[in-house]
Amino acid sequence: MYREVILDHYKNPRGHGTLDDADAHADGQNPLCGDEVSIYVAFGEDGETIDEVKFSGRGCAISQAATSMLTEMVQGRKATEVATLDKDELLEEIGIPLTPVRLKCAMLGLTTLKVALHKAKGTPLPDGLAGFDDLELS
Amino acid sequence: MTAGSKTLNAHAIRADFPIFEQLIHGKPLAYLDSANSSQKPRQVIDAMTTFYETSYANVHRAVHVLGERATAGLEGAREKVRAFINAPEAREVIFVRNATEGLNLIAYAWGGTNLGPGDAVVVTELEHHSNFVPWQYIAQRNGASFLMLEIDDNGDPDLSQLDAIARDHTVKVVATNLVSNSLGTIHDLGPLVGWAHEHGAIFVCDAAQAAPHMPLDVQALDCDFLAISGHKMCGPSGIGAVWGRARLLEAMEPFLLGGHMINSVRYDKTTWGELPHKFEAGTSPIVEAYGLGVAVDYLSAVGLDAIEAHEHELVAYALGRLGEVPGLKLYGPPADRRAGVVSFNVEGIHPHDVAQILDMQGVAIRAGHHCCQPLMHKLGLAATNRASFYLYTVREEIDQLVEGLHTVQKVFA
């Protein structure tokens, strides 16, 4: 269940922090278990390519490690591409079987990132957002 | 154990619960999540099966013999629940899905017509969302105030805030739990009930966590409404009960409308049926109610005093054993003030991770906010771990938990 790589990302999260002048930002919560993730994105000069992603938050190892992995995955990719990123791509990276409850933990970072991109760029919202109704959708 | 009180043999009781006849991830099941929902004894499971096989039909309207048997089963269960909570009359006992639905019934049907601007509903920070959100919602909808009493580390509400509240508001409802599902605190409700009645307010008791664990007596509590859930007390899911004083229930508007709850229906006007039917629209959860009655029989035969004493003993043992685990923080009152609930955190490890690794070792606990986000906010936590005990819980399961926690710490070391 707890592969070494997950524990490593949990204990040494990549992209941990905030961006003061982020181009895109969203806060996400998993109301079922209280995991929290805030995502900050800076775009490159073309205004489309993700130049830097930071996250802050607190929660279980799965939610935090998955978000850490995500920041590495989306670096240098276009907002439109990330907005439709298949969840299986992230799940493959996580590489462990997840029960439905833990799946919500694992997807929190990706969902929050997609909401941030939606707010900044009008890209499509992720599926199943209903479960994340605490997201600030301004 | 004090002289004269009954004791129970948890190992013998355990044999009544088929759920324990299996291995989980190859390990014996340590089920420490009874405050979430209890397991069911064979007596309840078998009785419900037999009922379906021999006595099932719809209730109250069939002329045939099966209809009579089913009606007798349902109404017999109502009488058992009445006796279980020492209510004056069986017609004051209304079957609902669970305590949450019961508390919604009170909030909508009583609060909906009796709350308005200048009025206040008072709850505590320690409420389960079921006794918090409905009141918050109805109060806001009706322009009334929704106020919370702060609690201390033991979970006891600060009653000194009450008089200031009463200076600025007409307090119409005081609603609290009798036993906290998150900290396990057993409350002495006497002073709060007395205060509520002195100020003309009704007192609503959420007894979902108390009913499984201690003898209940609505007349001694002197509450006005009380709600329980069957699934927490060895009964099936999908059945609970709300009790209210007959004069209050009679004066109330109905909650759910439709079949069975009427007296007469005309084009221009419908009149309501008598208690309890006025509040039981549609076909009841017949077999679930019957099963709850059997669960009440089961618990009564063991003895609620014995169950309470057993849980105090387990909590004292658990608090001692958990104290051996380094970096473990316990929440809530001393053992003699709590039902079988122990909430804790392991330093640096999120409860979900703790629970997941424990599950791999056959140990089932709850991890989360326990439907008590106001409390979690107060404690500055997102979540806690909660181990909870019941009449079938044995010390070996607590030992298994402690061993499991050492493994959790090794994984995260």
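Fair warning: this is a prediction, and the values are worked out from it, not measured in the lab.

### Overview of the overall build of chain B
Tallying secondary structure elements over chain B gives 14 helices and 17 strands in all. Radius of gyration (C-alpha) of chain B: 22 Å, near the 22 Å computed for a compact globule of 413 residues. C-alpha extents for chain B along the principal axes are approximately 70 × 60 × 40 Å. Residue pairs in contact within chain B that sit at least 24 positions apart in sequence constitute 71% of those at least 6 positions apart.

### Structural notes on the overall build of chain A
Counting secondary structure elements, chain A contains five helices and three strands. Secondary structure elements in chain A, listed N-terminal to C-terminal, are α-β-β-β-α-α-α-α. In chain A, buried positions account for 42% of the 138 residues.

### Considerations on the interface of chain A and chain B
Taken residue by residue, the interface counts ten residues in chain A and twelve residues in chain B. A class-by-class count of the residues in the side of chain A that touches chain B yields six nonpolar, two polar and two charged.

### Side note on the domain arrangement of chain B
All names here are of chain B. By the assigned domains, chain B splits into domain 1 (10-31 + 303-411) and domain 2 (46-300). Placing the centre of domain 1 and that of domain 2 at their C-alpha centroids yields a distance of 28 Å. Across the contact, 23 residues belong to domain 1 and 22 residues belong to domain 2. Those elements that place two or more of their residues in the side of domain 1 that touches domain 2 are α11 (304-322), β14 (341-346) and α13 (373-379). Per element, the largest residue contribution to the side of domain 1 that touches domain 2 is five residues, and it comes from α11. In the side of domain 1 that touches domain 2, the residues fall into twelve nonpolar, four polar and seven charged.

### Structural notes on α11(B)
Residue and element names in this part refer to chain B. Its 19 residues give α11 an end-to-end C-alpha distance of 26 Å, which sits within 8% of 27 Å, the value for a rise of 1.5 Å per residue. Three or more residues of α11 are buried, namely I307, E308, H310, E311, H312, L314, V315, A318 and L322. Buried-residue contacts for α11 involve α1 (10-14), α10 (286-302), β13 (328-331), β14, β17 (384-388) and α14 (395-411).

### Details of unusual backbone geometry
Residues and elements named next belong to chain B. Cis peptide bonds are those with omega within 30 degrees of zero, and the linkage from L275 to P276 qualifies with 0°. With respect to the helices and strands, the residue P276 is situated in the loop between β12 (270-272) and α10. The phi dihedral of C234 falls on the positive side, at around 75°, and the residue is not glycine. Assignment of secondary structure puts C234 in the loop between β9 (225-229) and β10 (240-244).

### Notes on the sheet that holds strand β2 (residues 35-43) of chain A
All names here are of chain A. One open sheet holds the three strands; their spatial order is β1-β2-β3, and the pairing between them is antiparallel. Two strands in the sheet have a free side with no partner beyond their single neighbour: β1 (24-30) and β3 (50-58). Each adjacent strand pair in this sheet contributes to an overall mean axis angle of 15°, direction not counted. Across the face of the sheet, helix α5 (residues 100-121) comes into contact with β1, β2 and β3 while running at roughly 150° to β1.

### Side note on α5(A)
Residues and elements named next belong to chain A. With 22 residues, α5 should cover 32 Å at 1.5 Å per step; its first-to-last C-alpha distance of 30 Å lies within 8% of that length. The sharpest bend along α5 reaches about 45° and sits at M107. With 16 of 22 residues buried, α5 is to be regarded as a mostly interior element. Within two residues after α5, G122 carries a phi angle of roughly 70°, on the positive side.

### What about the environment of G118(B)?
Residue and element names in this part refer to chain B. As for its placement among the helices and strands, G118 is situated in the loop between α4 (99-114) and β5 (119-124). Once the C-alpha coordinates of G118 and P88 are considered, the two residues, 30 residues apart in sequence, prove to be 33 Å apart. The residues touching G118, leaving out its near neighbours within four places in the chain, are H169 and T170.

### Some thoughts on the environment of T18(A)
Residues and elements named next belong to chain A. Structurally, the position occupied by T18 is in the loop between α1 (4-11) and β1. Note on T18: 12 C-beta atoms within 10 Å, which makes it exposed. Taking the C-alpha atoms as reference points, T18 and G59, separated by 41 residues in sequence, lie 17 Å from one another. Among all residues touching T18, those that are not within four sequence positions of it are Y40, K54 and S56.

### Some details on the sheet that holds β13(B)
Residues and elements named next belong to chain B. The strand order β13-β14-β17-β16 describes an open sheet built from four strands, whose pairing is antiparallel. One side of each edge strand has no neighbouring strand; the edge strands of this open sheet are β13 and β16 (366-368). Averaged over all neighbouring strand pairs, the angle between strand axes comes to 30°, with direction disregarded. Two strands pair when backbone bridges link them, and β13 and β14 are joined in this way by four bridges, in the antiparallel orientation. From the neighbouring strand, L328 faces β14, where its bridge partner is V346. Along the sheet, α11 makes contact with β13, β14 and β17, crossing β14 at roughly 10°. Those strands touched by helix α12 (residues 351-359) are β14, β16 and β17, and its axis lies near 160° from that of β16.

### Describing the nonpolar core
In terms of nonpolar packing, the biggest core is built from 124 residues, with V121(B), A207(B), F225(B) and L226(B) touching the most fellow members. When residues in this core are grouped by element, the largest group, eleven residues, is from α10(B). Split by domain, this core shows at least three residues from each of two domains, domain 1 (10-31 + 303-411) and domain 2 (46-300) of chain B. With residues near it in sequence (within four places) discarded, V121(B) still touches L115(B), W135(B), A139(B), A144(B), F146(B), K172(B), V173(B) and A175(B). By size, the runner-up hydrophobic cluster in this structure holds 31 residues, among which are C60(A), M69(A), M107(A) and L108(A).

### Things to note about the pairing of β9(B)
All names here are of chain B. Taken across its five residues, β9 has five buried, putting it largely inside the fold. Every second residue of β9 is oriented toward a common face, with F225, A227 and S229 on one face and L226 and I228 on the other, all of them buried. One ladder, built from five bridges, connects β9 with β10; its direction is antiparallel. Note on β10: the bridge partner recorded for F225 is G244.

Rules used throughout
Residues numbered from 1 in each chain as written. Chains lettered and ligands numbered in written order. Predicted model: local features only at pLDDT ≥ 70, side-chain atom pairs only at ≥ 80, totals over all residues. Helix = DSSP H or I, 4+ residues; strand = E, 2+ residues; numbered from the N terminus. Rg over C-alpha atoms; globule rule 2.2 N^0.38 Å. Contact = placed C-beta atoms within 7 Å. Buried ≥ 20, exposed ≤ 12 C-beta atoms within 10 Å, placed from the backbone. Nonpolar A, V, L, I, M, F, W, Y, C, P; charged D, E, K, R; others polar. Domains from an automatic or database assignment. Expected span 1.5 Å × (residues − 1). Pairing = 2+ DSSP bridges. Axes fitted to C-alpha atoms, helices over the stretch in contact; angles between N-to-C directions. Bend = angle between axes of the 7 residues up to and from the residue. Core = buried A, V, L, I, M, F, W, Y, C linked by C-beta atoms within 7 Å.

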